[in-house]
There are 2 protein chains.
Amino acid sequence: MTYCVGMVLERGLVLMSDTRTNSGVDNISTFRKMFHWQVPGERVIAVMCAGNLATTQAVISQLEERTKEPDERDNSLIRGRTMFNVATEIGRLLRSTIEDAQRSNGEAGKGRFTASMILAGQIKGMQPRLFMIYPEGNFIEASWDTPFFQIGETKYGRPIILRGYERDMRFEDAVKLLMVSFDSTIKANLSVGLPLDLLVIGKDEFAPLHQYRVTGDDAFFETISSSWGAALRSALDALPSYSFDSPGGSERDRDVD
Amino acid sequence: MTYCVGMVLERGLVLMSDTRTNSGVDNISTFRKMFHWQVPGERVIAVMCAGNLATTQAVISQLEERTKEPDERDNSLIRGRTMFNVATEIGRLLRSTIEDAQRSNGEAGKGRFTASMILAGQIKGMQPRLFMIYPEGNFIEASWDTPFFQIGETKYGRPIILRGYERDMRFEDAVKLLMVSFDSTIKANLSVGLPLDLLVIGKDEFAPLHQYRVTGDDAFFETISSSWGAALRSALDALPSYSFDSPGGSERDRDVD
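I will try to describe carefully the structure that is included in this document. (Residues numbered from 1 in each chain as written. Chains lettered and ligands numbered in written order. Predicted model: local features only at pLDDT ≥ 70, side-chain atom pairs only at ≥ 80, totals over all residues. Heavy atoms only, no water.)

Take the relation of the copies chain A and chain B next. In screw terms, the move from chain A to chain B is a rotation of 180° and a rise of 0.0 Å along the axis, fitting with an RMSD of 0.0 Å. The relationship between the two copies is best expressed as a two-fold rotation axis. Taking C-alpha positions as reference, the residue of chain A nearest the rotation axis is Tyr156(A), located at 2.4 Å. (Least-squares fit on C-alpha atoms with pLDDT ≥ 70 in both.)

Take a look at the structure:
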């Protein structure tokens, strides 16, 4: 499995991904799932991947190869005029990679080799944008109504983001929120694991503002992980108490107001 | 979908279940998924169900029917000497109900009609016990290492229970913890919904200590739901801040200790 989150803030974009890949529980490896490319001062584009590793590596390698042949016409990462163009091109590449693998495996290939991606970035003259690209090659774009996308093992870490996200939050607070979301997921699912990759893209900077890898011995992540249990218990304590005598809380309700 | 949690505490057992059933998103109904039977002073036994509604209703109806014919020999709910016997009998009933439905539907029935159950209760002279019963009819029992079971849509609400559970907690605090877990799940998944059924079984009481239905206009649940966002944000604020300058947190680490 995998866990990746991309988030739009007023200040820019924040992305985090884990690095664990597994084929069964007895075959675990570490692979980077976050990639970015930039044309300094003009664009920065990042992609995160979930799903079949051979599929996503094939897509990333093709994107990577194209940036090394800058004269090639369909180099959308570098030449695409808008993030929409980039998303369209990556979607096409993703779908055709999956289709090729499925076709060459006949009946056994059906429903396998799928993958999905989160695309984030900004091109000069336009806003920072965030997309989720499906295995079928189509995609959706984030908005202030739905300002973050998750792929992979999304459920454990979702409630805290739903509650903690604010569009005007500081980058540092968004990173902390994502770390808590990843910590909750890692604690619940063996198939998501450290190290984590972090990328912060400031609006109108057209270059990564901050990138970092959270490894297994990261003192800050360890502090977040160990403090969060106590912080949650304090938060629970701070809620009004349930009472067997007035469970609907008509009296307590007045106390709380 | 469904969400049910059963929890063992030193003081006894706490169970909570939602009531939403759906066949697609456009066919939603409310059905009770928690049932209990008692022989006052001697035993109290509760069952929660997830999965195919026709299957679980068939199992519950058969259990129910048997309690109305108290002379029948295989009335394990009333006559089973241990909770293990009760679990074995319910498991057998669940598996045969699923098998019957699958058999009579031939090829189309394969892999359908499955369900799982949580069984909780206490019989005089023995400890309170909690089981998870699989569609195959086998089951596992909770222990202090794994003191709670979830069935249905388990992931959204799991991290908070992992963090908040303590075996010596008060019943009232356990109920609050479960309400937060259910609220997180309801916020993330349309297929889990109010009303919620709550059952508290005190150790050595052999009767429900407390039962309650949380309906859509429940003032206490509403307060928990609306306060939890603020409580979580305070908890996040209380964690040390991430810093772009020393992301690994070597300095902050000292501050926190």
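Text resumes after the structure shown.
Okay, the pattern of salt bridges next. All names here are of chain B. Following the criterion strictly, the structure yields 32 salt bridges over all chains and no others. For Asp 197, the salt bridge is made with Arg 32, and the minimal N-O distance between the two is 3.2 Å. Placement of Asp 197 in strand β11 (residues 196–202) and of Arg 32 in the loop between β4 (28–30) and β5 (34–39) is noted, with a sequence separation of 165 residues between them. On the accessibility criterion, Asp 197 (1% relative accessible area) is buried. Judged by its relative accessible area of 42%, Arg 32 is partly exposed. One salt bridge connects Arg 95 with Glu 99, and the closest N-O pair in it is separated by 3.9 Å. Residue Arg 95 and its partner Glu 99 are both found in helix α3 (residues 83–104); the two are separated by four residues, about one turn of the helix. (Salt bridge = Lys/Arg side-chain N within 4 Å of Asp/Glu carboxyl O. Helix = DSSP H or I, 4+ residues; strand = E, 2+ residues; numbered from the N terminus. Buried < 20%, exposed > 50% of the residue type's maximum accessible area, 1.4 Å probe, protein only.)

Before going further, it helps to spend a moment on the sheet that holds β11(B). Residue and element names in this part refer to chain B. Taking strand neighbours across the sheet as the criterion, the five strands line up as β10-β1-β2-β11-β12 in an open arrangement whose pairing is antiparallel. Each of the sheet's edge strands pairs with one partner strand only, and the pair in question is β10 (148–152) and β12 (208–214). Here the average twist between neighbouring strands, direction ignored, is 10°. When strand β1 (residues 3–9) meets β10, the two strands line up antiparallel, connected through five bridges. The residue of β10 that forms the bridge with Gly 6 is Phe 149. (Pairing = 2+ DSSP bridges. Axes fitted to C-alpha atoms, helices over the stretch in contact; angles between N-to-C directions.)

Here we come to helix α3 (residues 83–104) of chain A. All names here are of chain A. With 22 residues, α3 ought to run about 32 Å at 1.5 Å a step, and its terminal C-alpha atoms sit 32 Å apart, in line with that. Regarding α3, the residues found buried are Met 83, Val 86, Ala 87, Glu 89, Ile 90, Gly 91, Leu 93, Leu 94, Thr 97, Ile 98 and Ala 101. Its buried side turned inward, α3 meets β6 (43–51), α1 (53–68), α2 (76–79), β7 (115–123), β8 (129–133) and β9 (139–141). Just past α3, the residue Gly 106 takes up positive phi, approximately 55°. (Expected span 1.5 Å × (residues − 1). Contact = heavy atoms within 4.5 Å.)

Our focus in this paragraph is the packing of helix α1 (residues 53–68) of chain B against α3(B). All names here are of chain B. Orientation of α1 relative to α3, taken along the N-to-C sense of each, is 135°, at an axis distance of 9 Å. It follows that α1 is oblique to α3 by the angle criterion. Crossing angle aside, the handedness with which α1 passes α3 is right-handed. Along its contact with α1, which presents Thr 55, Ala 58, Val 59, Gln 62, Leu 63 and Arg 66, the element α3 presents Glu 89, Ile 90, Leu 93, Leu 94, Thr 97 and Ile 98. Class assignment for the residues of the contact of α1 with α3 results in seven nonpolar, three polar and two charged. (Parallel < 35°, antiparallel > 145°, perpendicular 65-115°, else oblique. Left-handed = near helix turned anticlockwise from the far one by under 90°. Nonpolar A, V, L, I, M, F, W, Y, C, P; charged D, E, K, R; others polar.)

Of the residues lining the interface, 53 residues belong to chain A; the matching set on chain B comes to 53 residues. Contact with chain B buries area across many residues of chain A, yet Arg163(A), Tyr242(A) and Phe244(A) alone supply 19% of it, more than any other trio. Where chain A meets chain B, there are four salt bridges. A salt bridge links Arg163(A) to Asp183(B); the shortest N-O distance between them is 2.2 Å. If you look at where chain A meets chain B, you find 20 residue pairs in polar contact (both at pLDDT 80 or more). Of all the secondary structure elements, the ones that give two or more residues to the side of chain A that touches chain B are α4 (158–164), α5 (171–188), β11 (196–202), β12 (208–214), α6 (219–238) and α7 (250–256) of chain A. For the side of chain A that touches chain B, the leading source of residues is α6(A), giving 14 residues. Its residues assigned to classes, the side of chain A that touches chain B shows 28 nonpolar, 10 polar and 15 charged. (Buried area = accessible area lost by both parts, 1.4 Å probe. Polar contact = N/O pair within 3.5 Å; in protein donor to acceptor, adjacent residues only side chain to side chain.)

Residue and element names in this part refer to chain B. Among the seven residues that make up β1, seven are buried, leaving the element largely enclosed by the rest of the structure. Along β1, one buried face is formed by Tyr 3, Val 5, Met 7 and Leu 9 and the opposite face, lined by Cys 4, Gly 6 and Val 8, is buried too. Note: β1 against strand β2 (residues 12–17), six bridges, orientation antiparallel. Bridge pairing in β2 places Gly 6 opposite Leu 15. Between β1 and β2, which pair antiparallel and follow one another directly, the connecting turn spans two residues.

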